[in-house]
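Summary of the model geometry
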Amino acid sequence: MLGPSAHTDTFTRDNLPPENDQPDFLLEDFPYPEYLNAGVALTDAMVEKGFGDHTALIGNGRLRTYKELADWTNRIAHALVEDFGVKPGNRVLVRSANNPAMVACWLAATKAGAVVVNTMPMLRAGELSKIVDKAEISLALCDTRLMDEIVLCAKDNEYLEKIIGFDGTASHDAELDRIALNKPVKFDAVRTGRDDVALLGFTSGTTGNPKATMHFHRDLLIIADGYAREVLQVTPDDVFVGSPPLAFTFGLGGLAIFPLRFGATATLLENASPQEMINIIETYGATVCFTAPTAYRVMLKAMEEGADLSTLRCTVSAGETLPAAVFEEWNAKTGKPMLDGIGATELLHIFITNRLDDAKPGCTGRQVRGYEAKVVDDDMNEVDRGDVGRLAVRGPTGCRYLDDQRQTAYVRNGWNLTGDSFIQDSDGDFHFIARSDDMIVSAGYNIAGPDVEHALLQHESVLECAVVGAPDEQRGTIVEAHVVLREGWDGDKLMVKILQDHVKSTIAPYKYPRAIHFLEELPKTQTGKIQRFKLKGK
């Protein structure tokens, strides 16, 4: 049963899935008042708690305190309501790279009671149009350096009526900034309900009709009060750095919500290359890092060359399964564990993870507080420990697609089915096997692509790799590996034989890659996920 709503534009609540198609929500550990505004909770409330002079955001050459962030977002909220007519429940699109101005726009729109749709700067007009149409968005806030595609999107779009530019640099020299500078620093935020939709997260990598996941104000705080508090153990002394775009819920949590919830500092990089992250870590003494295994490999090499990353107390691997080899090398060099975990846009953030005092290579870990998980067969029956099945999860967050028939495929019997194949061992720990569509059936054998990848990565010549299934007349499908070699190694026939023999000696021989292709680099998304579908048929 949903609580009260402040939305006068009822579009999102009207388009929630039917209650019997939603997952069970386990909210006992997360009691919030009926009325709650996440934008206020992460800014003005933090000032009231005494964090006003603490640094909240670092980016584009400037440091901003919690008091400055609260004032800044309140001024923008005034502008949105008074000059641009934003009503509670209206959808507002934000288009920007990772920078403090993007965070300010997101928080301001949230304070105004809007439903925010954060989008990546790489999206083109056609992709933006699908998002605008799905969410019926009439207003967009866009970094003035990125206007071309959103203007093109609006040209023939029936919903998008207004695009307001903001300055993503530190200059405050754009329409929204100039209007906001003349507004008061106090704003009576909309008294949204905890069950009002605050955020629409569009799933990454979707083709055709995109899926929008709906997240309430309470959900934005739950991921901080659960995972960030229990697992990361965030304190006001922490400094966060990372590469995931804020446009994805993983990045929004790890690089904005988590630090702001606890009075910590977020560093934001428009170009979050491994070298830029290394610079931030050395300059500001970053303590918590979110990035992909590929970037951690670069950091390991940089440490060998003298980089000082000793301030990092906690590293979270994201985007791809954490190879045991990377985990072990990081632990050996730093003496500190690297946390693997699994999350989903549908559930907003991580729900199964290792712990700082209990992290094991090749293991995804245990449920975050408030979540339940099990491994099931196609009929939703729990399988025996050690058997491969589908991961089913339920907890305080869960899948609510915006007006989408795919809801009933993701949620069954109250459980979220993430699309991953897992096993649960006798100790209760969960181990990722593969995305359910990454299982390769070859001559009757079920082979998990990540198993082969982990084996290949243990060879000294391999920098990166991705394994896919390739059609074969005799075996139906064969294991095909795409490999990026380290400098100094040649991708010739001898190397193919060396790597095949290495895999045979490391895991069951039938799993070895019968075809190996050498590449300069692997295709990836902006979040660092390898796009295996682009390798199929190569």
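This text goes with the structure placed above it.
Attention in this report is confined to the structure presented alongside it.

**Here's the deal with a negative patch on the surface**
- On the surface, a cluster of negative charge is made up of Asp-133, Glu-136, Glu-158 and Asp-403.
- Topologically, Asp-133 is positioned in helix H6 (residues 125-135).
- For Asp-133, a relative accessible area of 36% translates into the label partly exposed.

**Topic: the sheet that holds strand E16 (residues 366-367)**
- One open sheet accounts for 3 strands, arranged E14-E15-E16; its pairing is antiparallel. Whereas interior strands pair on both sides, the edge strands pair on one side only; in this sheet they are strand E14 (341-343) and E16.

**Quick word on the pattern of salt bridges**
- Tallied over the full model, the rule gives 30 salt bridges.
- Two residues, Asp-9 and Arg-91, come together in a salt bridge whose shortest N-O distance is 2.8 Å. Of this pair, Asp-9 sits in the segment before helix H1 (11-14) while Arg-91 sits in strand E3 (residues 91-95); the two residues are 82 residues apart in sequence, bridging distant segments of the chain.
- When its relative accessible area of 5% is taken as the criterion, Arg-91 is described as buried.
- Between Glu-304 and Lys-333 there is a salt bridge; the shortest N-O distance is 3.1 Å. Residue Glu-304 is located in helix H12 (residues 293-304), and its partner Lys-333 is located in helix H13 (residues 324-334); the two are separated by 29 residues in the primary sequence.

**Regarding the sheet that holds strand E26 (residues 515-518)**
- Strands sit in the order E24-E25-E26 across an open sheet of 3 strands; the sheet is mixed. Each edge of the open sheet is held by one strand with a lone partner, namely strand E24 (462-472) and E26. The mean angle between the axes of side-by-side strands here comes to 25°, regardless of whether they run parallel or antiparallel.
- Summarising the sheet, E24 and strand E25 (residues 476-485) pair through 10 bridges and their orientation is antiparallel. Looking at the pairing, Pro-471 lines up with Thr-477 of E25.
- Against the sheet, helix H15 (residues 449-457) contacts E24 and E25, and its axis sits at roughly 145° relative to E24.

**Looking at the pairing of strand E8 (residues 212-216)**
- A large share of E8 lies buried, amounting to 5 of its 5 residues.
- Alternating residues of E8 divide into Ala-212, Met-214 and Phe-216 and Thr-213 and His-215, and every residue in both groups is buried.
- Here strand E7 (residues 197-202) pairs with E8 via 5 bridges, running antiparallel. Note that in E8 the partner of Phe-202 across the bridge is Ala-212.

**A word on the side chain of Asp-195**
- Here Asp-195 shows up in the loop between helix H8 (175-180) and E7.
- Looking at Asp-195, its side chain comes within polar contact range of the main-chain nitrogen of Gly-3, at 2.7 Å.
- Here Arg-218 takes part through its side chain, which lies 2.4 Å from a polar atom of the side chain of Asp-195.
- Here Asp-195 is in contact with Met-1, Leu-2, Gly-3, Arg-13, Phe-216 and Arg-218, once residues within four sequence places are set aside.

**Observations regarding the environment of Glu-329**
- Looking at the secondary structure, you find Glu-329 in helix H13.
- Using a relative accessible area of 28% as the deciding quantity, one classes Glu-329 as partly exposed.
- Between the alpha carbons of Glu-329 and Leu-300 there is a distance of 7.9 Å; along the sequence they are 29 residues apart.
- Apart from residues no more than four positions distant in its own chain, Glu-329 is found in contact with Leu-300 and Glu-304.

**Looking at the side chain of Arg-64**
- Along the chain, Arg-64 falls in strand E2 (residues 62-65).
- Of the side chains with opposite charge, Glu-68 comes closest to the buried, unpaired Arg-64, at an N-O distance of 6.3 Å.
- In this structure Arg-64 touches His-54, Thr-55, Ala-56, Leu-57, Gly-59, Trp-72, Pro-100, Ala-170 and His-172, once residues within four positions along its chain are discounted.

**Description of the packing of helix H9 (residues 217-232) against helix H10 (residues 249-261)**
- Here H9 crosses H10 at 80°, and the two axes come no closer than 9 Å. Here H9 is positioned roughly perpendicular relative to H10, judged by the angle of their axes. The segment H9 lies against H10, with Leu-220, Leu-221, Ile-223, Ala-224, Asp-225, Tyr-227, Ala-228 and Leu-232 engaging Gly-253, Ile-257, Phe-258 and Arg-261.
- Considered class by class, the residues forming the contact of H9 with H10 number 9 nonpolar, 1 polar and 2 charged.

**Some remarks on the packing of aromatic side chains**
- Per the counting criterion, the structure on display carries 10 aromatic pairs.
- On the numbers, 6.3 Å between centres and 15° between planes, the contact of Phe-240 with Phe-290 is stacked. Here Phe-240, found in strand E9 (residues 239-242), pairs with Phe-290, found in strand E11 (residues 288-291); they are 50 residues apart in sequence, far enough to count as distant. You'll find Phe-240 and Phe-290 in the same group, each marked buried.
- Ring centres of Phe-250 and Phe-290 lie 5.5 Å apart, and the angle between their planes is 70°; on these two criteria the pair is classed as edge-to-face. Taken together, the positions of Phe-250 in helix H10 and Phe-290 in strand E11 put the pair 40 residues apart, joining distant regions of the chain.
- Taking the ring centre of Tyr-35 as reference, the NZ or CZ of Arg-191 above it sits at 3.8 Å.
- In this structure, Arg-400 is placed above the aromatic ring of Phe-216, and the distance from its NZ or CZ to the ring centre is 3.7 Å.

Calculation notes
Residues numbered from 1 in each chain as written. Predicted model: local features only at pLDDT ≥ 70, side-chain atom pairs only at ≥ 80, totals over all residues. Heavy atoms only, no water. Patch = residues over 30% accessible without salt bridge, like charges linked within 9 Å, V, L, I, M, F, W, Y side chains within 5 Å. Areas by Shrake-Rupley, 256 points an atom, 1.4 Å probe, with all protein chains shown as cover. Salt bridge = Lys/Arg side-chain N within 4 Å of Asp/Glu carboxyl O. Lys, Arg positive; Asp, Glu negative; His and termini not counted. Charge placed at Lys NZ, Arg CZ, Asp CG, Glu CD. Helix = DSSP H or I, 4+ residues; strand = E, 2+ residues; numbered from the N terminus. Buried < 20%, exposed > 50% of the residue type's maximum accessible area, 1.4 Å probe, protein only. Pairing = 2+ DSSP bridges. Axes fitted to C-alpha atoms, helices over the stretch in contact; angles between N-to-C directions. Contact = heavy atoms within 4.5 Å. Polar contact = N/O pair within 3.5 Å; in protein donor to acceptor, adjacent residues only side chain to side chain. Parallel < 35°, antiparallel > 145°, perpendicular 65-115°, else oblique. Nonpolar A, V, L, I, M, F, W, Y, C, P; charged D, E, K, R; others polar. Phe/Tyr/Trp six-rings, centres within 6.5 Å; stacked < 30°, edge-to-face > 60°. Lys NZ or Arg CZ within 6 Å of the ring centre and 35° of its normal.

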